[in-house]
Amino acid sequence: GIIYGLALGYLSCIVPVLCLGLTILIAHSLCGMFGVALGALGMLGTMTMALTIDAYGPISDNAGGIAEMAGLPETVRGLTDCLDAAGNTTAAIGKGFAIGSAVLTSLSLLVAF
């Protein structure tokens, strides 16, 4: 039931955490903390595109609401629901990148000062 779903959700975090840890390990072994800081900058550099795509979800959601209030056919609402789902997926991915880059940046700042 609920406990199994919660455990399954936590299980999905294992791969990103291992990838982030491996990134920190490789960057630190190659260039020390400067490598970790460069990894953080690399992740922050992709955040502009991810956050731009993140703004797509509410726009398509509003379009679906307008289509429903205007009395357009159900096919239009079905299309906007698909677009809204894509926007929600990109929002979730953007949050993961934001958290990962925040971890690397805070680790670099902690060591720098």
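Residues numbered from 1 in each chain as written. Predicted model: local features only at pLDDT ≥ 70, side-chain atom pairs only at ≥ 80, totals over all residues. Heavy atoms only, no water.

Asker: Before we move on, could you go through the overall build of the protein and cite the residues and values that matter?
Answerer: Each helix and strand counted, the protein has five helices and zero strands in total. If you list the helices and strands of the protein from N to C, you get α-α-α-α-α. Computed over C-alpha atoms, the radius of gyration of the protein comes to 19 Å, more than 25% over the 13 Å expected from 2.2 N^0.38 for 113 residues, which places it beyond the range of a compact globule. Here the C-alpha coordinates of the protein stretch approximately 60 × 35 × 20 Å along the principal axes. For the protein, long-range pairs separated by at least 24 residues make up 71% of all intrachain contacts whose partners lie at least 6 apart in sequence. Carbon and sulfur atoms make up 79% of the accessible area of the protein, which totals about 7800 Å². (Helix = DSSP H or I, 4+ residues; strand = E, 2+ residues; numbered from the N terminus. Rg over C-alpha atoms; globule rule 2.2 N^0.38 Å. Contact = heavy atoms within 4.5 Å. Areas by Shrake-Rupley, 256 points an atom, 1.4 Å probe, with all protein chains shown as cover.)

Asker: Got a sec to walk through the pattern of salt bridges? Specific residues and values, please.
Answerer: For the coordinates displayed, the defined rule picks out two salt bridges. Where Glu68 meets Arg77, a salt bridge forms, and the shortest distance between an N and an O atom there is 3.6 Å. The shortest N-O distance in the salt bridge between Arg77 and Asp81 comes to 3.5 Å. Here Arg77 and its partner Asp81 are both found in helix α5 (residues 74-112), four residues apart, which amounts to about one turn of the helix. (Salt bridge = Lys/Arg side-chain N within 4 Å of Asp/Glu carboxyl O.)

Asker: Describe helix α3 (residues 33-54), and please don't skip the residues or the numbers.
Answerer: Along its 22 residues, α3 runs 30 Å from first to last C-alpha, staying within 8% of the 32 Å computed at 1.5 Å per residue. The principal kink in α3, of about 30°, is found at Met47. When α3 is considered as a whole, its buried residues turn out to be Gly35, Val36, Ala40, Met43, Met47 and Ala50. The inward-facing, buried residues of α3 contact α2 (14-31) and α5. (Expected span 1.5 Å × (residues − 1). Bend = angle between axes of the 7 residues up to and from the residue. Buried < 20%, exposed > 50% of the residue type's maximum accessible area, 1.4 Å probe, protein only.)

Asker: An account of the nonpolar core is requested, with residue identities and associated values reported.
Answerer: Of all hydrophobic cores here, the largest spans five residues; its members are Ala27, Val36, Ala40, Met43 and Leu104. The element contributing the most residues to this core is α3, with three residues. In contact with Ala40, other than residues within four places in its own chain, are Ser101, Leu104 and Thr105. (Core = buried A, V, L, I, M, F, W, Y, C linked by side-chain atoms within 4.5 Å.)

Asker: Lay out the side chain of Thr80 in plain terms, naming residues and giving numbers.
Answerer: Position of Thr80 among the secondary structure elements: in helix α5. Within the structure, Thr80 has its side chain in polar contact with the backbone oxygen of Arg77 (distance 2.9 Å). Leaving out residues up to four positions away in the same chain, Thr80 has contacts with Ser60, Ala63 and Gly64. (Polar contact = N/O pair within 3.5 Å; in protein donor to acceptor, adjacent residues only side chain to side chain.)

Asker: Can you explain the side chain of Asp84? Please cite residues and give values.
Answerer: The topology assignment puts Asp84 in helix α5. Buried within the structure, Asp84 lacks any salt-bridge partner; Arg77 is the closest side chain of opposite charge, at an N-O distance of 6.5 Å. Among all residues touching Asp84, those that are not within four sequence positions of it are Gly57, Ser60 and Asp61. (Lys, Arg positive; Asp, Glu negative; His and termini not counted.)

Asker: Which residues make up the packing of α3 against helix α4 (residues 56-69), and what values do they have?
Answerer: At a minimum axis separation of 5 Å, α3 and α4 run at an interaxial angle of 10°. Taken together, α3 and α4 sit at an angle that is classed as roughly parallel. Contact with α3, carried on its side by Thr52, Ile53 and Asp54, involves Tyr56, Gly57 and Pro58 of α4 and no other residues of that element. For the contact of α3 with α4, the class distribution of residues is three nonpolar, two polar and one charged. (Axes fitted to C-alpha atoms, helices over the stretch in contact; angles between N-to-C directions. Parallel < 35°, antiparallel > 145°, perpendicular 65-115°, else oblique. Nonpolar A, V, L, I, M, F, W, Y, C, P; charged D, E, K, R; others polar.)

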